[in-house]
Amino acid sequence: ILARCRANLERRKIDLAMYATPALADDVADLATALGQTKINIYGVSYGTRWGLEVMRRHPELVRAAVLDGVYPPQINGEQNEPEIVRRAFEQLYADCAADPVCRERQPNLRTTVEGLIEGAERAPLEMTLTLPDGPHAVRLDGAKVLTVLLNMMREGEVASIPETAGAARRGDLRLLKLYAEDLEANDGGLLEQNAQQFDGLYNSIECRETWPLVDRAARRKAIESNGVYGLNAKSSKSPSFCPVWRVAAAPAVEREPVKSAAPTLLLSGGYDWLTPPAWAREAAKTLSNARNVVFRAQGHGVVVQDACAARLRDAFVEDPAPKRALPCRPDTSPNFAAAWERARNMP
């Protein structure tokens, strides 16, 4: 499918070299000109933060203020250390659970529970029927897919529900796991065979140009093996086989330099964001001289849609981009395991 898509674009003489972060940044500047704007505010999420940073690099005079949520700076290779990042996110969960009286009492051996669930599913996949918008679908969740569901819960700000979900599933009660699997499949796919791959031309053009040429494949394979169940997500990635088919040239080294900017910038991260972890925002902030970095401890990827405080920060910063101003609310709230347990207990 991917090879046919690529050949079709080639026949239509579509230049995939133009589908790259610098070109997208120049598109923003062209759009501002077309709209008669001499100053703009940037709001980027996930890859949108890399896109926004490139606008700040290439068109510094244009940017009044920037809010970057889930920061992915150009000097970071998101594929190289994924297994370690995933493992650290779960280590944080185990520590937070042990420090919380409700979670500690309910799940005193959370690490064993989570790892046992994933390992068990790898040996004997869990069978269930997902109720989706187009009807019921039977699915078999192996260890990699169970990990994917748990990681999606982290990403969506539902980390507090992982202990109850994993604990129930280990006892044979799959209701919570089914609920979150349905959420993942309905929004992103990846569990059903027919939705297993997303053949996204723009994604492949950018990742195969800007990320995968720099990945040390041997080191990545070693990290996958050494991190056990936490490497299953990276192991299941198809990008290593997609990129040779997609055939785009590697980005020049200069594009991977850190972005230097004096524009007022608010960096937002989720403490459980394994896709763009808080360490990446700290790395980006080193060369942003007028920046504020805020981590929402219990949230995941894209905190503005998960936390009302983050949305308030974004709106206030765009109104008055002053990085040193006192925060109007607290971002350091721990995961609410008690509320998650209450929801689980009241499930029909």
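Now for a description of the structure that goes with this document.

Calculation rules
Residues numbered from 1 in each chain as written. Predicted model: local features only at pLDDT ≥ 70, side-chain atom pairs only at ≥ 80, totals over all residues. Heavy atoms only, no water. Patch = residues over 30% accessible without salt bridge, like charges linked within 9 Å, V, L, I, M, F, W, Y side chains within 5 Å. Areas by Shrake-Rupley, 256 points an atom, 1.4 Å probe, with all protein chains shown as cover. Salt bridge = Lys/Arg side-chain N within 4 Å of Asp/Glu carboxyl O. Helix = DSSP H or I, 4+ residues; strand = E, 2+ residues; numbered from the N terminus. Buried < 20%, exposed > 50% of the residue type's maximum accessible area, 1.4 Å probe, protein only. Phe/Tyr/Trp six-rings, centres within 6.5 Å; stacked < 30°, edge-to-face > 60°. Lys NZ or Arg CZ within 6 Å of the ring centre and 35° of its normal. Core = buried A, V, L, I, M, F, W, Y, C linked by side-chain atoms within 4.5 Å. Contact = heavy atoms within 4.5 Å. Disulfide = S-S within 2.5 Å. Axes fitted to C-alpha atoms, helices over the stretch in contact; angles between N-to-C directions. Parallel < 35°, antiparallel > 145°, perpendicular 65-115°, else oblique. Left-handed = near helix turned anticlockwise from the far one by under 90°. Nonpolar A, V, L, I, M, F, W, Y, C, P; charged D, E, K, R; others polar. Pairing = 2+ DSSP bridges. Arc of directions from axis to C-beta.

**Concerning a nonpolar patch on the surface**
Phase 1: Judged by side-chain polarity, Met-18, Tyr-19 and Leu-202 come together as a nonpolar surface patch covering roughly 290 Å² of accessible area.
Phase 2: Relative to the helices and strands, Leu-202 resides in helix α10 (residues 201-210).
Phase 3: For Leu-202, a relative accessible area of 39% gives the class partly exposed.

**Observations concerning the packing of aromatic side chains**
Phase 1: Enumeration over the complete set of coordinates arrives at 4 aromatic pairs.
Phase 2: Ring geometry for Phe-90 and Tyr-94: centres 6.2 Å apart, planes at 45 degrees, overall tilted. Here Phe-90 and its partner Tyr-94 are both found in helix α4 (residues 82-99), 4 residues apart, which amounts to about one turn of the helix. The same class applies to Phe-90 and to Tyr-94, which are both buried.
Phase 3: Within the aromatic cluster, the residues linked to one another by ring pairs are Phe-90, Tyr-94 and Tyr-230.
Phase 4: The lysine or arginine in question, Arg-106, covers the ring of Trp-341, its NZ or CZ lying 3.7 Å from the ring centre.
Phase 5: A cation over a ring is seen here: Arg-314 above Tyr-43, with NZ or CZ 5.1 Å from the ring centre.

**A few points about the nonpolar core**
Phase 1: Formed by 51 residues in total, the largest nonpolar core has its most connected members in Phe-90, Leu-93 and Met-154.
Phase 2: Only α4, α6 (110-123), β3 (126-132), β4 (135-141), α7 (143-155), α8 (162-170), α9 (175-187) and α16 (337-345) provide two or more residues apiece to this core.
Phase 3: No other element matches α7, which puts 8 residues into this core.
Phase 4: When near neighbours in sequence (up to four residues on either side) are disregarded, Phe-90 contacts Val-114, Leu-147, Leu-150, Leu-151, Met-154 and Tyr-230.
Phase 5: In this structure, Ala-32, Ile-42, Val-63 and Leu-267 belong to the second largest nonpolar core, which totals 19 residues.

**Brief notes about the state of the cysteines**
Phase 1: Applying the stated criterion to the full structure yields 3 disulfides.
Phase 2: Cys-97 shares a disulfide with Cys-103; S-S distance 2.0 Å. Around the S-S axis, the bridge from Cys-97 to Cys-103 shows a dihedral of about -95 degrees and counts as left-handed. Each member of the pair, Cys-97 as well as Cys-103, is classed as buried.
Phase 3: Indicated for the chain is the disulfide connectivity 1-2, 3-4, 5-6, based on numbering the bonded cysteines in sequence order.

**Notes on the packing of α4 against α7**
Phase 1: Close contact between α4 and α7 brings their axes to 12 Å; oriented N to C, the two are set at 65 degrees. By the criterion of interaxial angle, the relationship of α4 to α7 is roughly perpendicular. When the axes of α4 and α7 are compared, the crossing they make is left-handed. Where α4 abuts α7, its residues Val-86, Ala-89, Phe-90 and Leu-93 lie against Leu-147, Leu-150, Leu-151 and Met-154.
Phase 2: The residue makeup of the contact of α4 with α7, split by class, is 8 nonpolar, no polar and no charged.

**Quick word on the sheet that holds strand β1 (residues 40-45)**
Note on sheets: strands pair through backbone hydrogen bonds, and any given pair is parallel or antiparallel.
Phase 1: Spatial ordering of the open sheet is given by β1-β2-β5-β6, a layout of 4 strands whose pairing is parallel. Strand pairing shows two members of the sheet lacking a second neighbour, β1 and β6 (291-296), which therefore form its edges. Neighbouring strand axes in the sheet, compared pairwise and without regard to direction, differ in orientation by 10 degrees on average.
Phase 2: The pairing of strand β5 (residues 265-270) with β6 spans 6 bridges and is parallel. Across the sheet, residue Thr-265 finds its bridge partner in β6, namely Ala-291.
Phase 3: The strands touched by helix α3 (residues 47-58) are β1, β2 (63-69) and β5; relative to β1, the strand with the most contacts, the crossing angle is about 150 degrees.

**Comments concerning the environment of Arg-87**
Phase 1: Among the structural elements, Arg-87 can be located in helix α4.
Phase 2: A sequence separation of 48 residues divides Arg-87 from Gly-135, and the C-alpha atoms of the two residues are 35 Å apart.

**Considerations on α16**
Phase 1: Among all positions in α16, only Phe-337, Ala-340 and Ala-344 are buried. Viewed end-on, α16 has its buried residues packed into an arc of 60 degrees, placing them on one side of the element.
Phase 2: Contact partners of the buried residues in α16: α4, α5 (101-106), α8 and α9.

**Focus on the pairing of β4**
Phase 1: Where β3 lies against β4, 7 bridges are found, and the strand directions are antiparallel. When the sheet's bridge partners are listed, Thr-131 is paired in β4 with Pro-136.
Phase 2: Once β3 ends, the chain turns through 2 residues before running back antiparallel as β4.

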